[in-house]
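# Remarks on the overall topology
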Amino acid sequence: MPSLSVEGVSKSFGSNSVLRSVSFSLKEGDILGIIGPNGAGKTTLLNIISGFLKPDCGKVALDWLDITKLKPHMIRRLGIVRSFQIPKLAKNLTVLENVLASLLFDASKADLSEAKDRCVKVLEQLGLKDHLYDYPTILPSAGLKKLELARILASNAKVALFDEVTAGLSDDERKIMLNLIRSFHTEQRILVIVDHVLPTIIDLCPRVIVLDKGSIIAEGRPDDVLSNKYVIESYVGEIKYAKAK
Ligand SMILES: Nc1ncnc2c1ncn2[C@@H]1O[C@H](COP(=O)(O)OP(=O)(O)O)[C@@H](O)[C@H]1O
Ligand SMILES: [Mg+2]
């Protein structure tokens, strides 16, 4: 039964204390939203879970296995798949190859033609059908975001970490993405959704944590959390945006 736990994770860069004893745990089927102002530590937390950064103290465990010290490719092989807030794509691979390459990590090693069909289907659903054999450099920024998302949606992730995947998209594009994320979710998967676009979090996540200056300042159902006065104080602009929606 997949479970993900983050226990007392702290991280500083020099004198900048970016995460302060962050803890939470998730079980299979859970969808957790993480919100917080710019610089709150959200991406750093995803970097630590996916092994791209090591915490100063604390622990990350997947299915009770301590993964804190594992390298990113090992963590990916165990089934934790992430997207990057700033898309990280191989410029010398086509759009299709970029998605396919990330599937080579999957432990199940589905045969290549089945994996390719899955990639093509996901890219079509994301509206990238006409760009399968193009290089990603020709895509506009929304296209690059979709390609980042495709790498998760075509995978066999046990745990999927989404970092601002709907930022900068039109409302219609965002709705398509949300539907795809919803159909990707199963009772066996854990999703962690970091997003600045609060309607994305409200639509997708039954549970939310709020990070502010590296600490969890609130946790619970989106409605309750977003009416919490500390959250409003730390996050006032976006709250107004969410209520206007
Ligand atoms: N590799 C790094 N080196 C130094 N400082 C970093 C690094 N990564 C993030 N930071 C700092 O950590 C803080 C939190 O950043 P980040 O996790 O990206 O926040 P968020 O995703 O919530 O906007 C910021 O002050 C940022 O400048
Ligand atoms: Mg970030």
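### Some thoughts on the domain arrangement of the chain
On domain assignment, one finds that the chain holds domain 1 (3-79 + 157-244) and domain 2 (89-156). Once you take the C-alpha centre of each, domain 1 and domain 2 turn out to be 23 Å apart. Each partner contributes to the interface: domain 1 provides 20 residues, whereas domain 2 provides 17 residues. Buried surface at the junction of domain 1 and domain 2, summed over both partners, amounts to about 1,500 Å²; 65% is from carbon and sulfur atoms. Looking at the side of domain 1 facing domain 2, the largest losses of area belong to R76, R77 and L180, adding up to 37% of the total buried there. The tally of links between domain 1 and domain 2 comes to one salt bridge. One salt bridge connects K146 with E173, and the closest N-O pair in it is separated by 3.4 Å. Between the two partners, domain 1 and domain 2, sit six residue pairs in polar contact (both at pLDDT 80 or more). Among the elements of the structure, helix 2 (72-77), strand 7 (159-163) and helix 6 (171-184) are those that each provide at least two residues to the side of domain 1 that touches domain 2. Sort the elements by how many residues they give to the side of domain 1 that touches domain 2 and helix 6 lands first, with six residues. Residue classes in the side of domain 1 that touches domain 2 are distributed as 12 nonpolar, one polar and seven charged.

### What to know about the packing of helix 3 (residues 95-103) against helix 5 (residues 141-153)
Packing of helix 3 against helix 5 leaves a shortest axis separation of 8 Å and a crossing angle of 35 degrees. Taken as a pair, helix 3 and helix 5 cross one another with a handedness that is right-handed. Judged by residue contacts, V95, N98, V99 and S102 of helix 3 engage L147, A150 and R151 from helix 5. Taken together, the residues that form the contact of helix 3 with helix 5 break down as four nonpolar, two polar and one charged.

Rules of the game
- Residues numbered from 1 in each chain as written.
- Chains lettered and ligands numbered in written order.
- Predicted model: local features only at pLDDT ≥ 70, side-chain atom pairs only at ≥ 80, totals over all residues.
- Heavy atoms only, no water.
- Domains from an automatic or database assignment.
- Contact = heavy atoms within 4.5 Å.
- Buried area = accessible area lost by both parts, 1.4 Å probe.
- Salt bridge = Lys/Arg side-chain N within 4 Å of Asp/Glu carboxyl O.
- Polar contact = N/O pair within 3.5 Å; in protein donor to acceptor, adjacent residues only side chain to side chain.
- Helix = DSSP H or I, 4+ residues; strand = E, 2+ residues; numbered from the N terminus.
- Nonpolar A, V, L, I, M, F, W, Y, C, P; charged D, E, K, R; others polar.
- Axes fitted to C-alpha atoms, helices over the stretch in contact; angles between N-to-C directions.
- Left-handed = near helix turned anticlockwise from the far one by under 90°.

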